[in-house]
Amino acid sequence: MDGGIPLGRILGIRVFLHPTWFVVFFLVTVTLSSALGQDHADWPGSLRLLLAGATSILFFASIFLHELGHSLLALRHKVGVRSITLFIFGGVAVMEKEPPTPRSEFEIAIAGPVVSALLALGFTFLSGMLGESTPAGSMLGWLGWINLILAAFNLLPGFPLDGGRVLRAFLWARSGNFQRATRVAANVGTWIAYGFIGIGVMQVLSGNVTGGLWQAFIGWFLLSASGATARQVDIEASLAGLVARDVMNPDVPRVHAGISVGSFARDLVLRGRRWALVEEAGRTSGLITLSDVKRIAPEEWDSTPVGRVATPIEKVVTASPRQPLRDVLSAIGTRNVNQIPVVEDGHVLGAVTRDTLVQAIELRGGASR
Ligand SMILES: [Zn+2]
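Residues numbered from 1 in each chain as written. Predicted model: local features only at pLDDT ≥ 70, side-chain atom pairs only at ≥ 80, totals over all residues. Heavy atoms only, no water.

K.L.:
Whenever I open this one, the nonpolar core confuses me. Can you help?
P.N.:
Nonpolar side chains tend toward joint burial in soluble globular proteins. Within the largest apolar cluster, 35 residues are counted, with the highest numbers of intra-cluster contacts made by F59, F60, I63, F64, I84, L86 and L143. For this core, the element with the most residues is helix α2 (residues 45-76), which contributes 9 residues. In terms of nonpolar packing, the next biggest core, distinct from the first, is built from 19 residues, A244, V337, L357 and I361 among them. (Core = buried A, V, L, I, M, F, W, Y, C linked by side-chain atoms within 4.5 Å. Buried < 20%, exposed > 50% of the residue type's maximum accessible area, 1.4 Å probe, protein only. Helix = DSSP H or I, 4+ residues; strand = E, 2+ residues; numbered from the N terminus.)

K.L.:
What is the right way to look at the side chain of R48 in this model?
P.N.:
Relative to the assigned elements, R48 resides in helix α2. When residues no more than four places from it in sequence are discounted, the contact partners of R48 are S33, L36, G37, H40, A41 and W43. (Contact = heavy atoms within 4.5 Å.)

K.L.:
Could you clarify how one ought to interpret the coordination of the zinc ion in this entry?
P.N.:
A metal bound by six donors in octahedral fashion has ideal angles of 90 or 180 degrees, whereas one bound by four tetrahedral donors has an ideal angle of 109.5 degrees. Those donors, H66 (NE2), H70 (NE2), D162 (OD) and D162 (OD), are the protein atoms that reach the zinc ion, and they lie 2.0 to 2.6 Å from it. Note that the zinc ion binds 4 donor atoms; their angles at the metal cover 54 to 150 degrees, and the shape is irregular. Sequence spacing among the residues donating to the zinc ion works out to H-x3-H-x91-D. Of this pair, H66 and H70 both sit in helix α2, 4 residues apart, which is roughly one turn of that helix. (Donors = N, O, S within 2.8 Å, 3.2 Å for Na, K, Ca; no water. Tetrahedral: all angles 85-135°; square planar, octahedral: opposite > 155°, others 65-115°.)

K.L.:
Explanation requested: the sheet that holds strand β4 (residues 90-95) in the structure shown.
P.N.:
By way of backbone hydrogen bonds, the strands of a sheet pair with one another, either parallel or antiparallel. The strand order across the open sheet built from 4 strands is β1-β2-β3-β4, with neighbouring strands paired in mixed fashion. Lying at the two open borders of the sheet, with one neighbouring strand each, are β1 (5-10) and β4. Recorded for the sheet is a direction-independent mean angle of 20 degrees between the axes of neighbouring strands. Direction of pairing for strand β3 (residues 81-87) relative to β4: antiparallel, over a ladder of 6 bridges. Among the inter-strand pairings, L86 is bridged to a residue of β4, identified as G91. (Pairing = 2+ DSSP bridges. Axes fitted to C-alpha atoms, helices over the stretch in contact; angles between N-to-C directions.)

K.L.:
What is the right way to read the pattern of salt bridges from this model?
P.N.:
Side chains that differ in charge, positive against negative, can pair when their charged atoms come close. For the structure on display, the rule yields 9 salt bridges. For R266, the salt bridge identified is with D302, shortest N-O distance 3.1 Å. With R266 in helix α9 (residues 261-271) and D302 in the loop between α10 (290-294) and α11 (306-309), this residue pair connects regions lying 36 residues apart in the sequence. Judged by relative accessible area, which is 52%, D302 ranks as exposed. Of the charged contacts, one joins R295 and D292 as a salt bridge, the two residues approaching to 3.3 Å between their closest N and O atoms. Three or more residues joined by partner-sharing salt bridges are found here, namely E98, E105, R165 and R168. (Salt bridge = Lys/Arg side-chain N within 4 Å of Asp/Glu carboxyl O.)

Below, the structure is given as structure tokens:
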């Protein structure tokens with residue numbers, strides 16, 4: 001979950017609003033406004049709608065602050081944060097890597113619920129000051145309540161919830177085994193997800209269709225996330241002990257920087273390849289992929305040399321022959337590339353691609369478990 005409408009940057013972290021956010025914004029605003037209508041029929045409809053809209057925005061600001069809490073602690077522990085995205089189920093902060101120690105895992109995970117609990121206290125206090133029966137006071141009261149629910153929900157001890165990370169930190173500290181700790185937290189997460197789906201279905205059967213569907217929907221989301229985590233751990237376990245040299249393909253396609261993009265593209269398609277190293281004056285100067293080609297208008301293909309559109313070699317993500325394959329896998333994921341050249345003393349020895357990784361995982365039986 002990364003991307004959507006860019007809202008800006010804070011502390012170098014890109015902030016996005018995912019299109020699904022509008023669905024929740026609309027639902028929360030409509031629900032709140034009609035709830036206000038029941039309690040305060042004397043308030044004009046436009047005031048109720050305005051209050052409900054402002055409250056929805058403060059609700060999402062609360063979720064953003066929750067994610068910012070995680071991010072601040074991550075940065076303190078030297079874990080880079082790529083982005084924060086607000087979407088239909090709340091927010092997500094995308095980190096560049098896993099926390100280095102159980103203690104950092106615990107602090108990063110607990111920061112979010114702590115922020116939510118503090119917001120709950122703050123909103124409840126303000127609501128009490130203004131009085132629950134005033135328009136602003138009643139909305140602040142609701143914000144206090146929803147932030148308390150957010151803190152409690154996120155502390156449920158299953159992956160991918162914050163509580164699951166707290167559980168993993170605890171198990172990891174006790175056993176020293178990161179992968180086993182992750183698997184247990186992911187399994188608990190799966191049970192919690194089934195619990196949500198079960199309760200949701202029961203609610204639907206007993207007549208609360210909207211609330212029940214929503215709970216089942218959250219359960220389904222948790223189920224897919226905890227399942228993905230469990231699979232990730234299996235894959236990483238299957239790659240343990242392997243280094244880039246073990247799976248790299250030494251047969252690396254190369255083209256000269258001077259040939260045209262057009263003849264490169266035709267040759268590429270003929271050989272069924274999607275990328276090549278670019279050679280100039282006897283050395284490797286860059287890397288060109290099909291996506292580089294697609295950035296050029298087809299009528300300019302034959303007049304543009306490959307060297308002009310290639311990524312310069314200094315900017316290409318590379319690996320050393322002895323680099324653990326697990327790192328290569330995570331680099332392919334976080335940097336969103338399809339191939340990583342394996343380089344030693346300035347020479348390209350081969351390349352690890354998504355395909356060679358998949359083969360290695362299948363050979364070790366990772367994906368079949
Ligand atoms: Zn959180």
